[in-house]
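Now for the letters of each chain:
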Amino acid sequence: MQTQLFIDGRFVPSLSGETLATLNPHDNSVIADVSMANHADIDRAVAAAKAAFPKWSNLAAAERGRLLLKLADAIEANADRLAHLESIDTGHPIRDTRYLDVPRTAATFRYFGGMADKFEGSVIPVEQGFLNYLTREPVGIVGQVVPWNFPLMFTSWKMAPALAAGNCVIMKPAELTPLSSLAIAELMAEVGFPAGVVNILPGLGHVAGQYIAEHPEIGKVAFTGSTAVGRKIVQASSGNLKKVQLELGGKGANIVFGDANVDAVVQGSAFGIFHNQGQACIAASRMIVHESIADEVLEKFVALARTIRIGDPLDPTTEMGPLTSRQHRDRVLSYVDVAREQGGRVIAGGRSPDNAALANGCYVEPTIVEAKPTDRVSQEEVFGPFMTVTTFSTDEEALAIANGTEYGLGAGLWTRDLQRAHRVAREIHSGMVWVNCYKRVSPGSPFGGVGASGYGREMGFEAMREYTQAKSVWVNVDAQIPPYFPR
Ligand code: TAP
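Please read these numbers as outputs of a predicted model, since none were measured by experiment. (Residues numbered from 1 in each chain as written. Predicted model: local features only at pLDDT ≥ 70, side-chain atom pairs only at ≥ 80, totals over all residues. Heavy atoms only, no water.)

1. Considering the site of the ligand
Then step 1. Near the ligand there are 29 residues, and of these W148, K172, E175, S226 and E381 occur at the shortest range.
Then step 2. Within the backbone of G203, a nitrogen or oxygen atom sits 3.3 Å from an oxygen atom of the ligand.
Then step 3. Relative to its unbound accessible area of 870 Å², the ligand is 88% covered by the protein chains.
Then step 4. For the shell around the ligand, the elements supplying multiple residues, two or more each, are α7 (205–214), β10 (220–224), α8 (227–236) and α11 (326–341).
Then step 5. Top element by residues in the shell around the ligand is α7. It accounts for four residues. (Near = heavy atom within 4 Å. Polar contact = N/O pair within 3.5 Å; in protein donor to acceptor, adjacent residues only side chain to side chain. Areas by Shrake-Rupley, 256 points an atom, 1.4 Å probe, with all protein chains shown as cover. Helix = DSSP H or I, 4+ residues; strand = E, 2+ residues; numbered from the N terminus.)

Set out below in structure tokens:
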């Protein structure tokens, strides 16, 4: 297991010698002490990235792609080790890390490996006699600040398009979950990424993360995390007017119309809110269900929630693991009181499981709360296995509730009526909509939000645009330009 900073192609201790323990949320035991980057370490990484950039950005795009493809293969070859690391560091059940997170990580590196030499410029039809063409150039050195909820997968979402486009990367994983991205760094060195192209520096957000956002030689910062920190990133980036890309919080509306297939709703919504213990920006955290089928949906949904197997993430039969930290578990549980104070009714869960084997861990039962759309629990991102339920009677009412938060990331709707599906999808204020499914992602499909959920898009061609800048070149082929100052 690598625990040091990855700078200029090597694992090195931080200059200050400071470390931070990373814990296993199953029992709060220490997994490892990990080096913690400070300003001087980031300066070293920026110097390494600056030295690597000319050669890397001028390398044939197919060669950059080839390295990403080799990395994808290496990730698959190390799938068991990566899944194990991710499960002990984050608390994700091994059945998810092994069969979702790791394959998705490899798929994302592979997608952008293939994309590297297919991301083309264009020719603009301007006046006769001129050739005007557009090329996309890498930004230069990009900073990437990653959260703790999907650390392995987000490493690929952020790094793969940046590298395919020819940028060099300074990445800060979350202090709670640094291990899987350091393992990716190890594989990158093995498959031959040149030194300095990728630098991974665990550290504290308000120290290392803030400095990355401020750094005058970093041309772009891409951030995933809370809206509050997103605002700080924007402020910190203003010194050199960095490009900023923000993937922030969400409060996913999940609208269930009266004609929906109830069994599909129950399964899809349970995946939407309880997968990864609800720690997902796109979690289906608000069920908005038509009054005609609310009782039937809730009865089946609660019955399913009560049977979800909670336990040690390394047990292959576990369906829900612990939250990522004690502090976060306490924050999630505090919302149960917030709900009750505003008249909410707890229908299921609302506490840690009554199981001595899990007593030292950060566990929370699947929690379902009946609440008004304006209650805090219906407005604020809880980021746990915590779903609110509200009923509606008309389509307009459902839309008003769905659009009634400051967020706009992902939303779902369940109906058999094709026209209604398209109409509501159009009217929902969000970056992504799922019809008769929830929380689908793919490397080719743009991912991102509107409003307090941020701006910019990850994945697909959109991500390549985010990590490049357009250059317009005018060539006078055979145009006769009359003199502007005739003499
Ligand atoms: P954040 O504080 O937003 O942390 C996300 C990342 O930003 C971490 O790497 C963090 O570093 C870093 N960071 C913190 N302060 C920073 C600053 N001033 N400048 C630059 N980077 C900074 O999230 P959290 O505290 O872990 O979780 C709080 C809430 O945020 C959650 O409950 C949830 O609502 C939301 N959240 C959303 C997402 C997504 S996917 N949208 C992901 C995580 C959390 P350290 O953690 O290493 O200090």
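After presenting the structure, the write-up continues.
2. A closer look at the domain arrangement of the protein chain
Then step 1. In terms of domains, the protein chain is made up of domain 1 (5–248 + 449–473) and domain 2 (253–435).
Then step 2. Here the C-alpha centre of domain 2 lies 30 Å away from the C-alpha centre of domain 1.
Then step 3. Across the boundary between the two partners, domain 1 contributes 31 residues, which contact 35 residues of domain 2.
Then step 4. In total, about 2600 Å² of surface goes out of reach between domain 1 and domain 2, with carbon and sulfur atoms giving 60% of it. (Domains from an automatic or database assignment. Contact = heavy atoms within 4.5 Å. Buried area = accessible area lost by both parts, 1.4 Å probe.)

3. Comments concerning the packing of aromatic side chains
The description of an aromatic ring pair rests on the distance of the ring centres and on the angle between the ring planes.
Then step 1. Counted under the stated rule, the structure contains 13 aromatic pairs.
Then step 2. Between the aromatic rings of W157 and F447, the centroid separation amounts to 4.7 Å while the plane-to-plane angle is 70 degrees, which identifies the pairing as edge-to-face. Taken as a pair, W157 in helix α5 (residues 151–164) and F447 in the loop between β18 (432–435) and β19 (454–455) lie far apart in primary sequence, 290 residues in all.
Then step 3. Accessibility expressed as a relative area gives 3% for W157, which makes it buried.
Then step 4. You can call F447 buried: its relative accessible area is 3%.
Then step 5. Where F274 meets F301, the ring centres are 5.8 Å apart and the plane angle is 25 degrees; that geometry is what we call stacked. Taken together, the residues F274 in helix α9 (residues 262–274) and F301 in helix α10 (residues 294–307) connect sequence positions 27 residues apart. Across this residue pair, the class does not change: F274 and F301 are buried.
Then step 6. Following the ring pairs from residue to residue traces out a cluster consisting of F150, F154, W157 and F447.
Then step 7. Sitting over the face of the ring of Y467, K220 holds its NZ or CZ atom 3.8 Å from the ring centroid. (Phe/Tyr/Trp six-rings, centres within 6.5 Å; stacked < 30°, edge-to-face > 60°. Buried < 20%, exposed > 50% of the residue type's maximum accessible area, 1.4 Å probe, protein only. Lys NZ or Arg CZ within 6 Å of the ring centre and 35° of its normal.)

4. Regarding empty space enclosed by the protein
Then step 1. Counted according to the given criterion, the structure contains five cavities of 30 Å³ or more.
Then step 2. If you add up the space inside the largest cavity, you get close to 100 Å³.
Then step 3. Along the walls of the largest cavity sit R104, F150, M153, F154, W157, H275, A280, C281, I282, K439, V441 and F447, which together make up its complete lining.
Then step 4. Ranked by residue count, the leading element in the lining of the largest cavity is α5, at three residues. (1 Å grid on protein atoms, 1.4 Å probe; cavity = no way out; pocket = protein on both sides within 12 Å on 5 of 7 lines; lining within 4 Å. Points joined across faces, edges and corners; volume = space filled by probe spheres on them.)

5. Some words on the pattern of salt bridges
Then step 1. Within the structure shown, the criterion is met by 24 salt bridges.
Then step 2. Here R81 ties to E186 by a salt bridge, and the two come within 3.6 Å at their closest N and O atoms. Taken together, the residues span a long stretch of sequence, with R81 in helix α3 (residues 79–90) and E186 in helix α6 (residues 179–191) at a distance of 105 residues.
Then step 3. On the basis of relative accessible area, R81 is assigned to the partly exposed category, the value being 33%.
Then step 4. In this structure, D117 engages K118 in a salt bridge whose closest nitrogen and oxygen atoms are separated by 2.7 Å. (Salt bridge = Lys/Arg side-chain N within 4 Å of Asp/Glu carboxyl O.)

6. A short note on the layout of surface pockets
Then step 1. Empty space within the largest pocket amounts to approximately 1300 Å³.
Then step 2. Residue lining of the largest pocket: 48 residues in total, with P147, W148, L176, S226 and V229 positioned closest to the centre.
Then step 3. The set of elements that each furnish at least two residues to the lining of the largest pocket consists of β3 (19–24), α7, β10, α8 and α11.
Then step 4. Sort the elements by how many residues they give to the lining of the largest pocket and α8 lands first, with seven residues.
Then step 5. For the lining of the largest pocket, the residue count by class is 22 nonpolar, 17 polar and nine charged.
Then step 6. The space that makes up the second largest pocket amounts to roughly 260 Å³. (Nonpolar A, V, L, I, M, F, W, Y, C, P; charged D, E, K, R; others polar.)

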